[in-house]
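# Summary of the model geometry
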Amino acid sequence: MDHGTHQSGTAHGHGTHTGGHGHGGHGGGHAHGATWATAMKATLHCLTGCAIGEILGMVIGTALTWGNVPTMALAITLAFVFGYSFTLFAVVRAGVSLKAAIKVALAADTVSIAVMELVDNGIIALTPGAMDAHLSDGLFWYALLGGFAVAFVITTPVNKWMIGRGKGHAVVHAYH
């Protein structure tokens, strides 16, 4: 529960808790974790939470016949909530206090979720008819799932870059 104590070797070198601002000389030490496989795993983890939240938001908004803007706002909000919650629960389970775990989740997932949501919702908004499609329309699901696929492809290199610099999902690795 004490945020300042960790197993030996986990906190130093990962840039956690303080934002990693005093570790500029250690940037090369993170390159080992910046593989494409690591980035893909981090992106898939983030995408899973985002997809659950976004689909739930789209389903709720569409079922309640809300307009496009409130439905999309709910979907994006729930994507962030579920995206953060996956990391939050894992870090709390590792014995970190809730307050510290929230900081880790925010540091680990904010950029990844934001890029995913921007890409995914941009694709949905730009797909003709997708914003007006109903849950029973194939277009609704094709646009949504296609947006997730493109978001995964675009967000993976972003996560790789961030992990290589000790940011993003690299901060979570101190708790695995």
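For the structure, see preceding data.
Reference entry: report on the structure contained in this document. Keep in mind it's a predicted model, so treat the numbers as computed, not measured. (Residues numbered from 1 in each chain as written. Predicted model: local features only at pLDDT ≥ 70, side-chain atom pairs only at ≥ 80, totals over all residues. Heavy atoms only, no water.)

## Thoughts on the overall build of the protein
Looking only at helices and strands, the protein has four helices and zero strands in total. Taken from the N to the C terminus, the helices and strands of the protein come in the order α-α-α-α. Taking all 176 residues of the protein together, the buried fraction comes to 40%. Contacts spanning at least 24 positions in sequence make up 74% of the contacts within the protein whose residues lie at least 6 apart. In the structure as shown, the protein presents an accessible area of about 9000 Å², 71% of it carried by carbon and sulfur atoms. (Helix = DSSP H or I, 4+ residues; strand = E, 2+ residues; numbered from the N terminus. Buried < 20%, exposed > 50% of the residue type's maximum accessible area, 1.4 Å probe, protein only. Contact = heavy atoms within 4.5 Å. Areas by Shrake-Rupley, 256 points an atom, 1.4 Å probe, with all protein chains shown as cover.)

## Some thoughts on helix H2 (residues 68-93)
It helps to recall that an α-helix has 3.6 residues per turn; residues three or four apart then point in one direction. If you check H2, its first and last C-alpha atoms are 37 Å apart, about what 26 residues at 1.5 Å a residue would give, namely 38 Å. Here H2 has its buried residues at Thr71, Met72, Ala75, Leu78, Ala79, Gly83, Tyr84, Ser85, Thr87, Leu88 and Val91. On its buried face, H2 is in contact with helix H1 (36-63) and helix H3 (98-126). With its phi angle positive at about 100°, Gly95 sits one or two positions after the end of H2. (Expected span 1.5 Å × (residues − 1).)

## Re the state of the cysteines
Applying the stated criterion across every chain yields a total of zero disulfides. Cys50 forms no disulfide, and the closest cysteine sulfur to it belongs to Cys46, at a distance of 4.4 Å. Given a relative accessible area of 1%, Cys50 falls into the buried group. (Disulfide = S-S within 2.5 Å.)

## Section: the environment of Leu78
Note on placement: Leu78 falls in helix H2. Counting along the chain gives 23 residues from Leu78 to Ile55, while the straight-line C-alpha distance between them is 8.8 Å. If near-sequence neighbours (up to four positions away) are discounted, Leu78 is found in contact with Gly53, Leu56 and Gly57.

## Things to note about unusual backbone geometry
Although it is not a glycine, Thr65 adopts a positive phi angle of roughly 55°. Position of Thr65 relative to the elements: it lies in the loop between H1 and H2.

## Regarding the environment of Ala170
Along the chain, Ala170 falls in the segment after helix H4 (138-164). In sequence terms Ala170 and Ala34 are 136 residues apart; their C-alpha atoms lie 8.6 Å from each other.

## A word on a nonpolar patch on the surface
There is a patch of nonpolar side chains on the surface, built from Leu56, Ile60, Leu64 and Trp66 and spanning about 340 Å² of accessible area. Mapped onto the secondary structure, Ile60 falls in helix H1. (Patch = residues over 30% accessible without salt bridge, like charges linked within 9 Å, V, L, I, M, F, W, Y side chains within 5 Å. Salt bridge = Lys/Arg side-chain N within 4 Å of Asp/Glu carboxyl O.)

## Focus: the packing of H1 against H2
When two helices pack together, their arrangement is given by the angle between the helix axes and by the axis-to-axis distance. Where H1 contacts H2, the axes come no closer than 7 Å and their chain directions differ by 150°. Comparing the axis directions of H1 and H2 gives the class roughly antiparallel. As for how H1 packs across H2, the hand of that crossing is right-handed. (Axes fitted to C-alpha atoms, helices over the stretch in contact; angles between N-to-C directions. Parallel < 35°, antiparallel > 145°, perpendicular 65-115°, else oblique. Left-handed = near helix turned anticlockwise from the far one by under 90°.)

## Here's the deal with the packing of aromatic side chains
To describe a pair of aromatic rings, one takes the distance between the centres and the angle between the planes. Counting across every chain of the model gives two aromatic pairs. For the pair Phe80 and Tyr84, a centre-to-centre distance of 5.8 Å together with 50° between the ring planes defines the contact as tilted. In this pair, Phe80 and Tyr84 both sit in helix H2, four residues apart, roughly one turn of the helix. Residue Phe80 is classed as partly exposed on the basis of its relative accessible area, which comes to 22%. (Phe/Tyr/Trp six-rings, centres within 6.5 Å; stacked < 30°, edge-to-face > 60°.)

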